[in-house]
Amino acid sequence: MKIRDILAQGRPTLSFEVFPPKTEDKYDSVAYAASEIARLKPAFMSVTYGAGGGTSQYTVDIASSLKDQGVTPLAHLTCVSSTREKVRSVLAELKKRSIENVLALRGDIPADGKVEKDYRYASELIAQIKDYGDFCIGAACYPEGHVESANKDEDIRHLKEKVEAGCEFVTTQMFFDNNILYNYLYRIREQGITVPVIAGIMPVTSAAQIRRICAMSGTYLPPRFKAMVDHFGQNPAAMKQAGIAYATEQIIDLVANHVNGIHVYSMNNPEVAVRIRDSLSEIL
């Protein structure tokens, strides 16, 4: 099923993200975790893209396995480290497996700075996918602005380019203050961007996650969130419980304010996915 059709039903949806292994010896454990999350029957599940070597094949394989389990898969596809020929081959494999949904991303610049020259922006990848065949195409958006954008206005212009290229829905980067999303929605709607926006929620279950988040994205951490981490960060069990509770409260507030699409960055952790789903059983 195409994600645009799932979202068009107008009901709250809960979806989860999984990521493929970096090495073959970890494949079975990741596939098992994805299968356990799939048993929750989410609206869909996204599978991130491993751009190097055989890891891109793992994305396709896990997405195909989810489809076999009756869950709509959303396969990520990045372009900054890919050639057009490589992208065409991945799209051909997705089509062969009857995977209908692609999240088109530029991808992170590798640490060594080595990139291919076929793509500069995600909008170029979106246009190629649109021309290739009948995929439902999603993209990423950044309520706090992309770290490489000069300002938020420039970032919204890039989002509009993605939509004009053929993007049909967007998923946000994680955020911990819902007001940031509400302000962002107002600003993009003012610019005529009307595609559905799915809120990306990260349940922070360890203090180490916070350090990685701050290093990578500079995401704003509200005082209430920082107080939670300061108080529970040295107690792993308490931090996990508090982090899941905080994410659940975010989701409840979002749904109450008519943000129906909720995508949880569950970090391949079925327990986190189960606890969030169970906490929202009557709400969703």
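Above this text you will find the structure in question.
Small disclaimer: the values here were computed from a predicted structure and weren't measured.

1. Overview of the side chain of Thr205
Step number 1: Tracing the backbone shows Thr205 in the loop between β7 (197-201) and α8 (207-217).
Step number 2: For Thr205, a relative accessible area of 17% translates into the label buried.
Step number 3: In this structure, Thr205 is in contact with Pro236, Met239, Lys240, Ile244 and Val272, ignoring residues within four places of it in sequence.

2. Here's the deal with helix α2 (residues 27-38)
Step number 1: Between its first and last C-alpha atoms α2 spans 16 Å; for 12 residues at 1.5 Å apiece the expected length is 16 Å, and the two agree.
Step number 2: Turning to α2, its buried residues number three or more, namely Tyr27, Val30, Ala33, Ala34, Ile37 and Ala38. Across the axial projection of α2, the buried residues extend over an arc of 140°, all falling on one side. The exposed set on the far side of α2, more than 90 degrees from its buried face, consists of Asp28 and Tyr32.
Step number 3: In this structure, the buried side of α2 is in contact with β1 (13-18), β2 (45-47), α3 (55-68) and α11 (270-279).

3. Comments concerning the packing of aromatic side chains
Step number 1: Inspection of every chain in the model, using the stated rule, returns four aromatic pairs.
Step number 2: Aromatic pair Phe225 and Tyr246: ring centres 5.1 Å apart, planes at 75°, arrangement edge-to-face. Here Phe225, found in helix α9 (residues 223-232), pairs with Tyr246, found in helix α10 (residues 236-256); they are 21 residues apart in sequence, far enough to count as distant.
Step number 3: The exposure class assigned to Phe225 is buried, which follows from its relative accessible area of 2%.
Step number 4: On the basis of relative accessibility, which here comes to 8%, the residue Tyr246 falls in the buried class.
Step number 5: Pairwise contacts between aromatic rings join Phe176, Phe225 and Tyr246 into one cluster.

Conventions and cut-offs
Residues numbered from 1 in each chain as written. Predicted model: local features only at pLDDT ≥ 70, side-chain atom pairs only at ≥ 80, totals over all residues. Heavy atoms only, no water. Helix = DSSP H or I, 4+ residues; strand = E, 2+ residues; numbered from the N terminus. Buried < 20%, exposed > 50% of the residue type's maximum accessible area, 1.4 Å probe, protein only. Contact = heavy atoms within 4.5 Å. Expected span 1.5 Å × (residues − 1). Arc of directions from axis to C-beta. Phe/Tyr/Trp six-rings, centres within 6.5 Å; stacked < 30°, edge-to-face > 60°.

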